[in-house]
Amino acid sequence: MSLEPQQPTFHRGSFADEIETARTDLARKLLVTDSSAPSPSESETAPSLSPAASATSSSPESDAAVSPISPPVDDELVADSFAFAFDIDGVLVRGGRPIPEAIQAMKVLNGENKYGIKVPYIFLTNGGGKTEEERCGDLSRQLDIEISPAQFICGHTPMSEMADKYDTVLVVGGEGEKCRKVAQGYGFKDVVTPGDIIKANAATTPFRKLTEEELRNSKERDFSKVTIEAIFVFADSRDWAGDLQIILDLAMSKGGRIGTLSETFDEGPPIFFSHNDVVWSAAHDNVRLGMGALRGIVEYTFKEVTKGKTLQTHAFGKPQIGTFEFATRLLKRWRKNEHGLNAPPNTVYFVGDTPESDIRGTNQYNEKSENDWYSILVKTGVYQEGTEPAYKPRVTVNTVLDAVNHGIEREMERRKKNQPRKLTDMPKLSLEEAQDMAVFSPTEERPLELTT
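Each value, and the rule that gives it
- Residues numbered from 1 in each chain as written.
- Predicted model: local features only at pLDDT ≥ 70, side-chain atom pairs only at ≥ 80, totals over all residues.
- Heavy atoms only, no water.
- Helix = DSSP H or I, 4+ residues; strand = E, 2+ residues; numbered from the N terminus.
- Buried < 20%, exposed > 50% of the residue type's maximum accessible area, 1.4 Å probe, protein only.
- Contact = heavy atoms within 4.5 Å.
- Areas by Shrake-Rupley, 256 points an atom, 1.4 Å probe, with all protein chains shown as cover.
- Expected span 1.5 Å × (residues − 1).
- Pairing = 2+ DSSP bridges.
- Axes fitted to C-alpha atoms, helices over the stretch in contact; angles between N-to-C directions.
- Parallel < 35°, antiparallel > 145°, perpendicular 65-115°, else oblique.
- Nonpolar A, V, L, I, M, F, W, Y, C, P; charged D, E, K, R; others polar.
- Phe/Tyr/Trp six-rings, centres within 6.5 Å; stacked < 30°, edge-to-face > 60°.
- 1 Å grid on protein atoms, 1.4 Å probe; cavity = no way out; pocket = protein on both sides within 12 Å on 5 of 7 lines; lining within 4 Å.
- Points joined across faces, edges and corners; volume = space filled by probe spheres on them.
- pLDDT = per-residue confidence, 0-100.
- Salt bridge = Lys/Arg side-chain N within 4 Å of Asp/Glu carboxyl O.
- Core = buried A, V, L, I, M, F, W, Y, C linked by side-chain atoms within 4.5 Å.
- Right-handed = clockwise from strand over helix to strand, strands pointing away.

**Focus on the overall build of the protein**
Thinking step 1. Along the protein, the regular secondary structure elements total 13 helices and 19 strands.
Thinking step 2. Taken over 452 residues, the protein has a buried fraction of 45%.
Thinking step 3. A separation threshold of at least 6 residues defines the contact pool for the protein, and within that pool the share at least 24 residues apart is 72%.
Thinking step 4. As displayed, the protein offers around 23200 Å² of accessible surface, 50% of which is attributable to carbon and sulfur atoms.

**A few points about helix α12 (residues 400-417)**
Thinking step 1. Counted at 1.5 Å a residue, the expected span for α12 with its 18 residues is 26 Å, and the 26 Å between its end C-alpha atoms agrees.
Thinking step 2. Residues Val400, Leu401, Ala403, Val404, Gly407, Ile408, Glu411, Met412, Arg414 and Arg415 constitute the buried set of α12.

**Here's the deal with unusual backbone geometry**
Thinking step 1. Across the junction of Lys318 and Pro319, the peptide omega takes the value 10°, indicating a cis bond.
Thinking step 2. Position of Pro319 among the secondary structure elements: in the loop between β15 (314-315) and α10 (321-339).
Thinking step 3. Look at Phe265: it is not a glycine, yet its phi comes out positive at around 60°.
Thinking step 4. With respect to the helices, strands and loops of the structure, Phe265 is situated in the loop between α8 (240-251) and β12 (271-273).

**A short note on the sheet that holds strand β16 (residues 347-352)**
Whether parallel or antiparallel, the strands of a sheet pair through hydrogen bonds between backbone atoms.
Thinking step 1. Read across the open sheet, the six strands follow the order β8-β7-β4-β16-β17-β18; overall the sheet is parallel. Two strands in the sheet have a free side with no partner beyond their single neighbour: β8 (152-153) and β18 (395-397).
Thinking step 2. Both strand β17 (residues 372-378) and β18 contribute to a ladder of three bridges, which runs parallel. In the strand pairing of β18, Ile376 is matched with Val395.

**Concerning the packing of α10 against helix α11 (residues 355-368)**
Thinking step 1. Two numbers describe how α10 lies on α11: the axes approach to 9 Å, and their chain directions differ by 70°. Here α11 runs roughly perpendicular to α10, going by the angle between their axes. Where α10 approaches α11, its residues Ile321, Phe324, Glu325 and Thr328 are matched on the opposing element by Asp358, Gly361, Thr362, Gln364, Tyr365 and Lys368.
Thinking step 2. Classifying every residue of the contact of α10 with α11 gives three nonpolar, four polar and three charged.

**A closer look at the packing of aromatic side chains**
Thinking step 1. This model, assessed by the stated rule, comprises 19 aromatic pairs.
Thinking step 2. Ring geometry for Tyr121 versus Phe123: centroids 5.6 Å apart, planes at 85°, classification edge-to-face.
Thinking step 3. Given a relative accessible area of 6%, Tyr121 falls into the buried group.
Thinking step 4. Relative accessible area serves as the criterion here: at 0%, Phe123 is assigned to the buried category.
Thinking step 5. Following the ring pairs from residue to residue traces out a cluster consisting of Phe82, Phe84, Phe86, Tyr121, Phe123, Phe152, Tyr349 and Tyr374.

**As for the layout of surface pockets**
Thinking step 1. The space that makes up the second largest pocket amounts to roughly 750 Å³.
Thinking step 2. Along its surface, the second largest pocket is lined by 37 residues, and Asp89, Gly127, Gly128, Arg135 and Trp280 are the ones closest to its centre.
Thinking step 3. Listing elements by their share of the lining of the second largest pocket, those giving two or more residues are α4 (132-143), β13 (279-280) and α11.
Thinking step 4. The element best represented in the lining of the second largest pocket is α4, accounting for four residues.
Thinking step 5. Of the residues belonging to the lining of the second largest pocket, the class tally is 11 nonpolar, 14 polar and 12 charged.

**Some details on the confidence of the model for the protein**
Thinking step 1. Per-residue pLDDT for the protein averages 83, and the proportion of residues at 70 or more is 76%.
Thinking step 2. Across residues 26-47, where pLDDT falls below 50, the model places 36 contacts with residues more than four positions away in sequence or in other chains.
Thinking step 3. Contacts from residues 53-74, a stretch scored under 50 in pLDDT, to residues over four places away or in other chains number 32 contacts.

**Concerning the pattern of salt bridges**
Thinking step 1. Across all of its chains, the model carries 25 salt bridges by this definition.
Thinking step 2. With its nearest N and O atoms 2.9 Å apart, the salt bridge here joins Lys318 to Asp87. Taken as a pair, Lys318 in the loop between β15 and α10 and Asp87 in the loop between β4 (82-86) and β5 (93-94) lie far apart in primary sequence, 231 residues in all.
Thinking step 3. Its relative accessible area of 1% is what places Lys318 among the buried residues.

**Notes on the nonpolar core**
Thinking step 1. Counting residues in each nonpolar core, the largest one holds 39 residues, and the members touching the most others are Phe84, Phe86, Leu92, Met106 and Phe123.
Thinking step 2. Looking at which element gives the most residues to this core, the answer is α12, with six residues.
Thinking step 3. Non-local contacts of Phe84, meaning those with residues more than four positions away in its chain, are made with Leu109, Val119, Pro120, Tyr121, Ile122, Tyr349, Val351, Ala403, Val404, Gly407 and Ile408.
Thinking step 4. Counting 25 residues, the second largest nonpolar core, distinct from the first, contains Leu210, Val233, Ala251 and Leu311.

**Brief notes about the pairing of β16**
Thinking step 1. Along β16, six of the six residues are buried, which leaves the element largely enclosed by surrounding structure.
Thinking step 2. Bridging between β4 and β16 involves five bridges; their strand directions are parallel. What sits directly across from Phe86, in β16, is Val351.
Thinking step 3. Strand direction decides the pairing type here: β16 and β17, joined by six bridges, are parallel. Across the sheet, Val351 pairs through a bridge with Ile376, a residue of β17.
Thinking step 4. Between the parallel pair β16 and β17, the chain is carried across by α11, and the sense of this crossover is right-handed.

**Points about the packing of helix α3 (residues 100-109) against α12**
Thinking step 1. It is the contact of α3 with α12, at a shortest axis distance of 7 Å, that shows an interaxial angle of 25°. As far as their axial angle goes, α12 and α3 are roughly parallel. Here Glu101, Ala102, Gln104, Ala105, Val108 and Leu109 of α3 come into contact with α12, specifically with Val400, Leu401, Val404, Asn405 and Ile408.
Thinking step 2. For the contact of α3 with α12, the class distribution of residues is eight nonpolar, two polar and one charged.

Printed below as a string of structure tokens:
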């Protein structure tokens, strides 16, 4: 330390006041030095914790506490630099029942943790076949919390952005008329189902006969006047053979006109699947076949029937980058509308059970995303312990509760490491010890250059 004051003045007498003033002045100087230092890299940025709809810094009292922060008295404290995104089947729910640790994990995110903070979160599932409102109702009952459609993405949710592009569409999958209603809710103007086509011509599917309820719900159509502009598989098929036949008929048609056959087999409408999971975690001990398997069968069968022609289909859902981009927009709106947070989080912890979709998609999106998407794999779903995942997560944990605790503790540790330096454990000097001591006055000490 170099001390080069200009004509220093020495003081005796009110030594306790001088020491206290010097301590305060030095503390300010150290804080100014910290604030002008280079900011940490994005991956090292400490989490910021703010009361909802506002920003605040931690107080000296809270900094001195054992935990990184203290729960506020009046305001709701929200973590504004990180958030969570969850897959559902195999992570939170299995076979329609909640995984035991999932309920506690949601409580932790909603503020029942030792830091007293709430952490924003959304749900990103490849499942579908119902409206987002209905899915939210189901999950709310299963997890005993209130979940808003504004924080929920089904596999087919991003398809809503295509309602302005296609007028007449074929919607496949799901139970009864639910997927027709979903598509209409998205704004698709003219929605056709396989039941409509079978009702118009029962010979379309020789081994599938419509039930009385299906006959009532299916629409009367003159398909000689209908052009299918696109095919959307919204949910898992309940009749693979019949749906496969109708999809292939249209894929080989002339411009999407039912009953026609193209000579070149390249005139059919585009085909979109809401996800590409070949298997998924259900109530059965072993994984069950999913929509990705149907997609593979459609493409394989088309090639066989057309003597080698290739059918190019398209998939939404995880691991598609477009779905994660959609999730980013949804999370941004949810954080702003629900918590008053305008800036994007530095880190999004994505918790999934399927390496091929959840982990793969998170890792790939992280390579191009402006913030850090951190992949966490749980052992309660598709992934089997003891196997080597095809796509490596940043961390593997037992349950979703472990995933939530891991993310929060990681953020709190980063926060503590990046807190400004504080003056602690400074010596306490009594007046009896100050009989022959002198100090610079605060006025003259301020311009001093302090070096270490």
